[in-house]
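Tertiary structure, described
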Amino acid sequence: MTCRRLVLPVLCLLLAVLGTAGQAQAVGYRYWSFWDRNSTADTADTADTWVYATQGPSTARPSDGDVQGFRFSVSEDSKDSAKPRGAADFATICAKTPAREGSKRVGLVLDFGTPADAPSGSTPPRPRTACARVDDDATTADALAAVAKPLRYDTNALLCAIAGYPATGCGEPVAADRPKASASPGEEAENNSADGDGKGGPSVGLLAGIAAVAALGAAAVWQARRRRD
């Protein structure tokens with residue numbers, strides 16, 4: 001049956017509004033992204049030297065002199081994921097960690113993100129670097145454990161926390177219209193009230209629109225019955 005009869009167009013419109021309610025609340029995910037530094041990049045902009053890692057930290061095996069980074073942020077996928085900030089030069093990061101036979105040194109850049117990306121009630125630590133001296137066959141996860149404990153993983157081995165941050169949560173979805181970090185308390189409260197309970201539910205305007213469509217549907221049904229009578 002198509003939407004060509006008298007009542008069905010209104011009902012189809014109602015379903016369309018309801019169906020797009022969830023889509024209007026696009027989401028990203030709050031997580032630690034993992035990056036490799038492209039040491040061959042000829043640029044003064046450190047941000048342009050980062051390449052999204054093709055392996056997870058538990059399987060990647062960096063070589064002596066490699067630099068890798070972690071960034072905590074909210075993003076939809078790797079294409080829009082925020083890159084680590086700060087110095088990423090191996091000579092600088094590992095200047096005070098001399099080479100030792102039978103081990104390798106891995107430079108790590110740990111960027112805990114911005115207040116806008118932090119879980120509610122959390123304050124991100126300042127970004128920092130660390131030089132991990134580990135066995136020759138060690139993975140990135142081993143290097144991270146050597147300099148940034150405590151680490152937290154979920155049951156699927158997803159990295160949830162570095163140096164104990166964040167204390168809770170792991171890859172949870174986050175509404176794209178979350179309050180900005182620069183928003184004042186008044187603006188934040190206004191944003192939350194506009195979205196109902198502030199947890200990504202339909203807005204007041206959306207509910208009003210649904211009510212209006214429902215009213216039109218009732219009127220159409222009444223008109224159809226009147227004509228039949």
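Predicted model, so just to flag it, every value in this text is computed and none were measured.

So, about the state of the cysteines. By the definition in use, this model includes 2 disulfides. Linked covalently through their sulfurs, C94 and C131 form a disulfide whose S-S length is 2.0 Å. Judged by the sign of its S-S torsion, about 100 degrees, the bond between C94 and C131 is right-handed. Here C131 lies in strand β5 (residues 128-135) and C94 lies in the loop between α2 (90-93) and β4 (103-111), a separation of 37 residues in the sequence. Accessibility expressed as a relative area gives 15% for C131, which makes it buried. Here C160 connects covalently by a disulfide to C170, the sulfurs 2.0 Å from one another. Across the S-S bond of C160 and C170 the torsion is about -75 degrees, and the bridge reads as left-handed. Taken together, the residues C160 in strand β7 (residues 159-161) and C170 in the loop between β7 and β8 (173-175) connect sequence positions 10 residues apart. In this structure C160 comes out as buried when scored by relative accessible area, which is 4%.

Using the criterion set out here, one finds 6 aromatic pairs in the structure. Both rings, one in W32 and one in F112, keep their centres 5.4 Å apart while their planes meet at 80 degrees; by these two values the pair is edge-to-face. Linking W32 in strand β1 (residues 27-37) with F112 in the loop between β4 and β5, this pair joins segments that are 80 residues apart in sequence. Taken individually, W32 and F112 each receive the classification buried, so the pair is uniform in this respect. Three or more aromatic residues joined by ring pairs make a cluster, and in this case those are W32, F72, F112 and Y165.

Turning to the pattern of salt bridges, a few remarks are in order. If you walk through the whole model with that rule in mind, you get 4 salt bridges. Of the charged contacts in the structure, one is a salt bridge between R30 and E172, with a shortest N-O distance of 3.0 Å. A residue pair is termed long-range when its members are at least 10 positions apart, and R30 in strand β1 and E172 in the loop between β7 and β8 qualify at 142 residues. The residue D64 makes a salt bridge to R105 at a minimum N-O spacing of 3.9 Å. Placement of D64 in the loop between β2 (50-52) and β3 (67-75) and of R105 in strand β4 is noted, with a sequence separation of 41 residues between them. Overall, the relative accessible area of 15% leaves R105 in the buried class. Residues participating in the shared-partner salt-bridge network are R71, R85 and D111.

The next subject is the confidence of the model for the chain. Low-pLDDT stretches of the model should not have their predicted coordinates read in fine detail. Averaged over all residues, the pLDDT of the chain equals 76, while 61% of them reach at least 70. Between residues 17-24, whose pLDDT stays under 50, and residues either more than four places distant or in other chains, the model counts 4 contacts.

On to the pairing of β1, then. Bridge count between β1 and β8: 3 bridges; the pairing is antiparallel. Across the sheet, Y29 pairs through a bridge with P173, a residue of β8. Where β1 meets β3, 8 bridges bridge the pair, whose relative direction is antiparallel. Each bridged residue has a counterpart across the sheet, and for D36 the counterpart in β3 is Q68.

With that out of the way, let us pick up the nonpolar core. Ranked by internal contacts, the top residues of the largest apolar core, which has 20 residues, are W32, F70, L108, L110, L144 and I162. Contributions of two or more residues to this core are made by β1, β3, β4, β5 and α3 (140-147). Residue contributions to this core peak at 3 residues, all from β4. Those residues in contact with W32, other than ones at most four positions away along the chain, are F70, R71, F72, D111, F112, L159, C160, A161, I162, Y165 and P166. Counting residues in hydrophobic clusters, the runner-up holds 9 residues, among them W35, V67, I93 and V109.

Rules and cut-offs
Residues numbered from 1 in each chain as written. Predicted model: local features only at pLDDT ≥ 70, side-chain atom pairs only at ≥ 80, totals over all residues. Heavy atoms only, no water. Disulfide = S-S within 2.5 Å. Helix = DSSP H or I, 4+ residues; strand = E, 2+ residues; numbered from the N terminus. Buried < 20%, exposed > 50% of the residue type's maximum accessible area, 1.4 Å probe, protein only. Phe/Tyr/Trp six-rings, centres within 6.5 Å; stacked < 30°, edge-to-face > 60°. Salt bridge = Lys/Arg side-chain N within 4 Å of Asp/Glu carboxyl O. pLDDT = per-residue confidence, 0-100. Contact = heavy atoms within 4.5 Å. Pairing = 2+ DSSP bridges. Core = buried A, V, L, I, M, F, W, Y, C linked by side-chain atoms within 4.5 Å.

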